[in-house]
Structure formats: structure tokens, C-alpha cells
Amino acid sequence: MLAAQPPMGWNSWNRFLNSNLRADIAATTEKEILAQAKAMVDSGLAAAGYEYIVLDDCYQAKRRDHLGRIQTHPHRFPSGIKGLVDQIHGLGLKFGLYSVPGTLTCAQQYDDYNGDDLGSLNRELIDAESFVEWGVDYLKYDWCRAHLNDGLIAEPTFRKMAEALKTANADIVYSISEYGLFEPHKWAPEFCNMWRTTDDLMPNWPSLLRTIDLQRKLYPYSKPGAWNDPDMLQIGNGELSMAENRAHMYVWAVLNAPLMAGNDLTRMSDEVRDLLAHPGIIAVDQDWGGQQGKVTFADGDLEIWSKPMSQESGFKTASVLLNRGETTGKFDLNRIFETSTELQDVWSGDSVAKGAIDLAAHDALLLLSR
Ligand code: GLA
């Protein structure tokens with residue numbers, strides 16, 4: 001089964017958003033992507049489970065070739081997709097690529113990226129065949145206003161590419177992104193491996209909370225091979241503090257969300273690396289206990305998101321205690337968990353006594369129970 005566990009990797013997009021939130025096109029180069037891939041290996045993230053390097057928007061040449069195939073920008077990506085994929089595979093990693101179902105990519109729409117016919121509209125099969133020929137392992141297929149620009153309808157349009165991939169015999173994780181506009185959780189599980197549930201997550205606390213809130217009702221829809229995707233990680237980017245980064249990682253883990261790092265892996269701090277690579281958090285994210293996390297406790301700014309853990313894990317539940325507020329909050333663990341329950345702090349591995357505990361503003365704690 002493809003994506004039997006939530007896919008993990010690194011995606012180029014969040015890294016190349018500059019402070020004006022516009023794509024840093026000049027920085028999107030083969031050299032840079034390879035540097036990130038090497039850093040994924042050297043930093044230990046690959047050993048921790050991160051495996052895909054996903055090249056998002058802004059790699060394309062202005063035009064397709066005479067056979068109608070997508071080409072890479074000749075100066076920024078001199079080896080072409082195949083050359084790049086071979087190098088990524090040579091590092092023991094997998095490769096993901098971006099395309100859109102309509103005529104315009106999002107960078108064409110919003111960042112004045114130059115090009116004609118870059119999208120896969122009416123070229124689904126030739127693109128699927130190219131992806132297979134190049135050895136692509138993962139496709140990010142991004143809606144980008146195709147209903148407004150091209151009059152397309154989401155479900156049949158995304159299905160068309162799923163069918164093209166099938167016809168091309170592709171062994172490719174199919175990751176779609178329509179920002180939750182058309183209730184993708186209701187139809188995407190049939191033919192997609194993951195679907196974005198929100199618009200773009202930005203590297204700040206209000207955006208993080210907004211994104212988390214949009215996951216509340218989605219727990220019935222994900223399962224192995226088909227995951228809700230609350231967007232790529234912003235850990236290590238923008239304004240997020242270390243406590244906020246922790247909250248971000250913990251919530252994604254109980255949601256069984258795909259973990260696609262989006263920071264500069266060549267320059268991350270040890271703290272950020274240790275958070276992204278933490279084996280206990282990753283184990284929670286990758287463990288399927290029958291349902292992704294949902295809210296199980298709420299009291300003002302204090303919330304708990306919990307999910308069941310599989311029997312093999314040796315635990316009953318994984319729970320994130322989240323303080324959304326601006327002041328320290330108090331959780332009474334005696335009231336929240338049954339008397340016989342034993343608790344373990346995933347970060348430290350230490351057992352946790354069941355009294356009242358303080359949690360700082362914008363911070364979180366990830367607990368396993370048994
Ligand atoms: C949209 C997507 C992003 C990224 C950009 C690329 O905004 O949501 O994740 O792929 O397009 O232009």
C-alpha cells in the first residue's frame with residue numbers, strides 16, 4: 001500500500017517564501033535542493049524517517065518541449081528532472097514533484113512566474129508517463145484556482161490524474177492540495193493518498209491555531225493510505241518560538257499528519273533538529289490506532305487532542321495538552337485521566353505524576369498513557 005503511514009520528508013515551498021510571502025524564485029535551484037537533500041541525510045532526519053524531497057513550484061522552464069513534456073528551468077535546474085531524481089535516489093531518498101490540474105501554477109497566479117501551458121490540463125497522461133519515466137515517487141497536485149481560471153470541478157479533475165497515474169503504471173504517492181475548498185475528505189480517500197485540509201499554514205501562532213481549528217471535524221476520514229494533510233511543517237521558520245514549534249509538531253503527530261519539513265535543513269538549530277527528529281514523537285505520528293486525533297477536553301484556552309494508539313505500541317492513547325492562551329494554564333491530570341492510568345512524557349521519556357501541572361503560554365506537552 002502506498003503511504004501506509006503518513007509520508008515524511010521535506011518540501012521546498014516554505015523554505016523559499018521570503019518575508020513578503022512571495023516565492024524566492026532565484027533561490028529555487030538544483031544546487032539548493034541537493035544541498036537540502038544532503039542535509040536531510042547528514043542531520044539524521046533521513047535516519048529518523050524523513051524520506052521524500054519534494055520539489056514544489058518554480059522549477060519549470062517557460063515552455064514544454066516539442067513532445068509536450070514539462071521541462072526544468074535550464075539555468076536553475078541544468079540536469080533536468082531525471083538528472084535531479086537520480087541524484088536524490090543516489091542519496092537513498094525519494095523524490096516528489098509539483099504540478100497543477102489547470103493552466104496556471106500558483107506561482108504564476110501569485111508570484112508572476114513566467115511560463116505557458118505549465119499545468120497538466122489535457123496533458124494528464126503525458127505528464128503521468130513523464131513522472132514514471134523520470135522515477136518520480138510522489139506527486140503534489142495543487143489546485144490553484146482551477147475552478148475560476150479553467151472552469152474545472154475538483155473531484156473529477158483530481159480523479160483524472162489518479163486515472164492517468166494508474167494507466168501509466170505509476171507507483172507514485174498522490175498528494176492533492178485544494179486547501180479544503182470542496183470537502184476533499186469526502187471523496188479524496190478513494191483515490192488520493194493525502195489531501196490538504198486548509199489554505200497555506202504560515203509560520204506564526206495565529207495561523208497555526210487557525211489551521212489546528214480546521215482539523216476538528218476531520219478525524220473520521222483518514223486511514224492508512226489516505227491521510228488528512230494540515231499542510232507542511234513551518235517548524236524552524238518565521239516567528240514561531242520553540243514552544244510554538246513543539247505545539248505544532250505534537251498536534252501534527254496526534255493527527256497522524258504527513259510530516260513534511262519546510263525549513264532550511266542546512267542551517268537549522270540543534271533544537272529544531274532534535275524536535276523534527278524526535279523518535280518518540282515520530283512514533284506517535286506513524287502509529288495507527290484506528291482513528292486520528294480529536295479534541296477530548298476543552299476549557300477556555302486549554303485543550304487536549306487525543307488519539308488511540310495501536311496495541312503493538314504498548315500504549316492506550318497519545319494526547320497533546322495545548323495551551324492556546326497568553327498566560328500559564330493549569331491542567332488537573334487527576335480529573336482528566338482515570339486513576340489507574342500511567343502517563344509518560346514523550347519528550348523526556350519520564351513518567352509523569354498525576355497532579356496538577358502548569359503549562360506555559362503557547363506551549364504543549366505530549367503524553368502517552370497506558
Ligand atoms: C499553493 C500551495 C503551496 C505551494 C504554492 C506553490 O499556495 O498551497 O503549498 O505549493 O501554491 O506556488
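Residue numbers restart at each chain and count upward from 1, following the sequence in its written direction. The model is predicted, so local features are restricted to residues of pLDDT at least 70 and side-chain atom pairs to those at 80 or more, both for listing and for counting; the totals for chains, interfaces and linings are taken over all residues. Remark: hydrogens and water are excluded; side-chain values derive from all non-hydrogen atoms of the structure.

Here the focus is the pattern of salt bridges. Note on pairing: side chains with opposite charge can pair once their charged atoms come close. We define a salt bridge as a side-chain nitrogen of Lys or Arg found within 4 Å of a carboxyl oxygen belonging to Asp or Glu. Taken as a whole and judged by the stated rule, the model has 24 salt bridges. Between Lys186 and Glu183 there is a salt bridge, with its nearest N and O atoms 3.1 Å apart. Within this structure, Arg15, Glu32, Asp264 and Arg267 form a network of salt bridges that share partners.

On to the state of the cysteines. Whenever a pair of cysteine sulfur atoms sits within 2.5 Å, that pair is classed as a disulfide. A full pass over the atoms with the stated rule returns one disulfide. Between the sulfur atoms of Cys106 and its disulfide mate Cys144 the distance is 2.2 Å. Residues Cys106 and Cys144 share a disulfide whose torsion about the S-S bond is about 125°; that sign makes it right-handed. With Cys106 in helix α4 (residues 106-110) and Cys144 in the loop between β4 (138-142) and α6 (146-150), the pair connects residues that are 38 residues apart, well separated along the chain. We note that Cys106, like Cys144, is buried. Cys106 supplies the cysteine sulfur nearest to Cys192, a cysteine that is in no disulfide, at a spacing of 17 Å. Buried residues are those whose accessible area, probed at 1.4 Å on protein chains only, stays under 20% of the maximum for their type, while exposed residues exceed 50% and partly exposed ones sit between those limits. For Cys192, a relative accessible area of 3% corresponds to the buried category. By definition, any uninterrupted DSSP run of H or I lasting at least four residues is a helix, any uninterrupted run of E lasting at least two residues is a strand, and each is numbered from the N terminus.

Okay, unusual backbone geometry next. One can expect most non-glycine residues to show negative phi and most peptide bonds to be in trans. In this model, Arg145 sits at a positive phi of 60°, which is unusual for a non-glycine residue. Along the chain, Arg145 falls in the loop between β4 and α6. The backbone of His362 shows a phi angle near 55°, a positive value even though the residue is not glycine.

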